[in-house]
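What follows is each chain in one-letter form.
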Amino acid sequence: MKTSPPLWFEPAPWIDGVWRTADRCGGESVTVRNPATGEAIATVGRADAETVTAAIEGADRAGRGWRAIPAAARGEILKATAAALLARRDEFARLLTAEQGKPYLQAAGEVDYAASFFQWFGEEARRVHGRIVPHPEAGREFLVEQRAAGVAGLITPWNFPLAQGAKKVAAALAAGCTAVWKPAEATPLVALALAPILAEAGLPAGVLQIVPGKGSVVGPVLAADPRVRVLSLTGSTATGSGLMAAAAPGIKRLSLELGGNAPFIILPDADLGFVTDQLVRLKMFVSGQVCVTANRIFVHADHEAELIERLATRIAGLKVGNGLADGVDAGPLIHAAASRDVQRRVEEAVATGARIVAENRSYESIPGLARENFSPPTVVADVRDSMRLASEEIFGPVIPLLSYRTLSEAVERANATPYGLAAYVYGKDLGRLRGVASALEAGIVGVNEWRPLKAEIPFGGVKQSGIGAEGGEEGIREFLETRVISIPKPGVEA
Ligand code: NAD
């Protein structure tokens, strides 16, 4: 059994390079608990509206100095942050598991993933450039410039509290923006843990302010302040829609990574052994609390019975428990309300004709666990499109099976959702895989791959799953503004 590491930072807002301990941050204090055991990890001071405004002011002040640093040198600070994160991988992973609940190996993978964004955008910083466009009139030219937009407000969820922050922080800072980052209420610690790492890597005070706090308090301040020019949120579609409305009067730029309802289509020629392995990994990853997790599994009616048998064997063999214990495949959900919500959806589906065909409640006999926070890995068959289990994001370790007869029917049903974040397709015939992948309305499609996300590629949703992209060369553009100078062309004559 691993342990939660001693904290190397203050559990309080980090503003202008100083910890605003509880008496100086205005808001109330809240205790962060390990969702696996219910144990208190730390009591964190939350920022009130005044503290958030002070953070915006500081970020605005720091902007001029930050942009005066050559882009390549700004990039070096981000790359040094990546190296420092990897050097402290174990401490970050243990803190992440203690705070969020995911198994240690998944947490260590998240540290690597977060570091990859600091590395990527550290490299991208020096590639931001404009261009000269020929003017249609003689003697003039256009200079097209890419400029940092200003202060960025960054808001992140609790499922990947380090990586979601890293994606935004690294891109914003690489672009030359300064930023105010509000981590999720349930997981502020791993965000605050980054502050000393960035400072040691050379980040000047004020360039990144970290303000733990309530969304309903911090969000409106970020949305209303004219100095904040970009708002970047990863969260639910409802929160994104609310933030969009709040930002409308100030015409702010928005980058929104929102909810999903990913289809997972198994073609008739797929290798069901491989599919079972990939599907279980995908669904047990962070116990299904992932925006891109598979939410609706479309299997050909002729293959459903075999898939159920294979899934039942895999589910029975999973180790569910405290993510700090060795060999755990799935940890708890973030809190008891999340677990009750998942349970309700399963019960509703069963009450209207679905069947539970596999379930793993092995954690119930493990002493010391906060059982109310856990949700059993479950396979549900005979799910229909109209059930909430299929029509809404589940956010739990539940595998709903929906059978189909023809591929065109499966694709049509897969697309019949307001969401368009991720999709998966498994099979052997490459031409057909490609055809199905192209027909799916999603920001990213994994073909015979359960985790296609990488720093090198843009990731963002279509339809109600979001606006904009993170990662790739596109990620930095969310924080840049294009402007043009129309100017006489210099010549040699006086
Ligand atoms: P959430 O929308 O409840 O919270 C996300 C963040 O928004 C939190 O920091 C929260 O405090 C903040 N927030 C809440 N109210 C706000 C307001 N009025 N103004 C500004 N900020 C506010 O989502 P969650 O429960 O933390 O995370 C789960 C959701 O996030 C799921 O829907 C999931 O699909 C989505 N998600 C999307 C992606 C993606 O990349 N598209 C990644 C992870 C999670």
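Conventions and cut-offs
Residues numbered from 1 in each chain as written. Predicted model: local features only at pLDDT ≥ 70, side-chain atom pairs only at ≥ 80, totals over all residues. Heavy atoms only, no water. Near = heavy atom within 4 Å. Areas by Shrake-Rupley, 256 points an atom, 1.4 Å probe, with all protein chains shown as cover. 1 Å grid on protein atoms, 1.4 Å probe; cavity = no way out; pocket = protein on both sides within 12 Å on 5 of 7 lines; lining within 4 Å. Sits in = over half its atoms within 2 Å of the grid points. Helix = DSSP H or I, 4+ residues; strand = E, 2+ residues; numbered from the N terminus. Nonpolar A, V, L, I, M, F, W, Y, C, P; charged D, E, K, R; others polar. Domains from an automatic or database assignment. Salt bridge = Lys/Arg side-chain N within 4 Å of Asp/Glu carboxyl O. Pairing = 2+ DSSP bridges. Axes fitted to C-alpha atoms, helices over the stretch in contact; angles between N-to-C directions. Contact = heavy atoms within 4.5 Å. Phe/Tyr/Trp six-rings, centres within 6.5 Å; stacked < 30°, edge-to-face > 60°. Buried < 20%, exposed > 50% of the residue type's maximum accessible area, 1.4 Å probe, protein only. Core = buried A, V, L, I, M, F, W, Y, C linked by side-chain atoms within 4.5 Å. Points joined across faces, edges and corners; volume = space filled by probe spheres on them. Buried area = accessible area lost by both parts, 1.4 Å probe. Polar contact = N/O pair within 3.5 Å; in protein donor to acceptor, adjacent residues only side chain to side chain.

1. Here we look at the site of the ligand
- The local shell around the ligand holds 27 residues, among which Thr-156, Glu-185, Thr-239, Leu-258 and Glu-393 are the closest.
- Out of a free accessible area of 840 Å², the ligand has 84% covered by protein chains.
- In this structure, the ligand is accommodated by the largest pocket.
- Broken down by secondary-structure element, the contributors of at least two residues to the shell around the ligand are helix H8 (215-224), strand E10 (228-234) and helix H9 (237-247).
- Partitioning the shell around the ligand into residue classes produces twelve nonpolar, eleven polar and four charged.
- Composition of the shell around the ligand by domain shows at least three residues from each of domain 1 (14-258 + 465-483) and domain 2 (262-447).

2. Remarks on the pattern of salt bridges
- A full pass over the atoms with the stated rule returns 29 salt bridges.
- For Glu-185, the salt bridge goes to Lys-182, with nearest N and O atoms at 3.8 Å.
- Arg-413 serves as the salt-bridge partner of Asp-385, at 2.8 Å between the closest nitrogen and oxygen. Of this pair, Asp-385 sits in the loop between strand E15 (378-381) and helix H13 (388-391) while Arg-413 is found in helix H14 (residues 407-415), placing the two residues 28 residues apart along the sequence.
- Where salt bridges share partners, they join Asp-341, Arg-344, Arg-345, Glu-348, Arg-388 and Glu-392 into one cluster.

3. Some words on the sheet that holds E15
- Judged by pairing direction, the sheet is mixed, and its seven strands sit side by side in the order E14-E15-E16-E13-E12-E18-E19 without closing on themselves. In this open sheet, the two strands that pair with only one neighbour each are strand E14 (355-359) and strand E19 (444-447). Each neighbouring strand pair of the sheet contributes to a mean axis angle of 20°, computed without reference to strand direction.
- Bridge analysis of strand E12 (residues 262-266) against strand E13 (residues 294-300) gives five bridges, and the strand direction is parallel. The partner of Ile-266 across the bridge, within E13, is Val-299.
- Taken strand by strand, H14 contacts E12, E13 and strand E16 (398-404), and its axis lies near 135° from that of E16.

4. Notes on the packing of aromatic side chains
- Counted under the stated rule, the structure contains 13 aromatic pairs.
- Taken together, a centroid distance of 4.8 Å and an interplanar angle of 15° make the contact between Phe-264 and Tyr-426 stacked. With Phe-264 in strand E12 and Tyr-426 in strand E18 (residues 422-426), this residue pair connects regions lying 162 residues apart in the sequence.
- A relative accessible area of 0% places Tyr-426 in the buried class.

5. Re the side chain of Gln-278
- Turning to its location among the elements, Gln-278 is positioned in helix H10 (residues 272-284).
- Judged by relative accessible area, Gln-278 falls into the buried class, the value being 9%.

6. What about the nonpolar core?
- Counting 108 residues, the largest nonpolar core has Phe-118 and Phe-264 as the members making the most contacts within it.
- With eleven residues, helix H4 (residues 104-124) is the largest single contributor of residues to this core.
- For this core, the domains that each give at least three residues are domain 1 (14-258 + 465-483) and domain 2 (262-447).
- Aside from chain neighbours lying at most four places away, what touches Phe-264 is Val-275, Leu-279, Leu-282, Ala-294, Arg-296, Ile-297, Phe-298, Tyr-424 and Tyr-426.
- With 30 residues, the next largest nonpolar core counts Leu-333, Met-387, Val-425 and Leu-433 among its residues.

7. Quick notes on the layout of surface pockets
- Estimated volume of the largest pocket: approximately 830 Å³.
- Mapped onto the lining of the largest pocket, the elements with two or more residues apiece are H8, E10, H9 and helix H12 (336-351).
- Considered class by class, the residues forming the lining of the largest pocket number 18 nonpolar, eleven polar and seven charged.
- Looking at which domains feed residues into the lining of the largest pocket, each of domain 1 (14-258 + 465-483) and domain 2 (262-447) gives three or more.
- Taken as a whole, the second largest pocket holds about 330 Å³ of empty space.

8. Some remarks on the domain arrangement of the chain
- What the domain assignment reports for the chain is domain 1 (14-258 + 465-483) and domain 2 (262-447).
- Summarising the inter-unit geometry, the C-alpha centres of domain 1 and domain 2 are found 31 Å apart.
- Each partner contributes residues to the interface: domain 1 has 23 residues there, and domain 2 has 25 residues.
- It is Ala-36, Trp-158 and Ser-465 in domain 1 that bury the most area against domain 2; as a group they hold 27% of the surface buried on that side.
- Our enumeration of links across domain 1 and domain 2 arrives at zero salt bridges.
- Run the count over domain 1 and domain 2 and you get seven residue pairs in polar contact (both at pLDDT 80 or more).
- If you list the elements that add at least two residues to the side of domain 1 that touches domain 2, you get helix H3 (89-100) and H4.

9. What to know about the sheet that holds strand E22 (residues 480-488)
- Reading across from one edge, E5-E6-E22 is the order of the three strands in this open sheet, with antiparallel pairing throughout. Looking at strand neighbours, the two that pair on one side only are strand E5 (131-134) and E22, the edges of this open sheet. Shown here is a sheet whose adjacent strand axes are inclined to one another by a mean of 25°, direction ignored.

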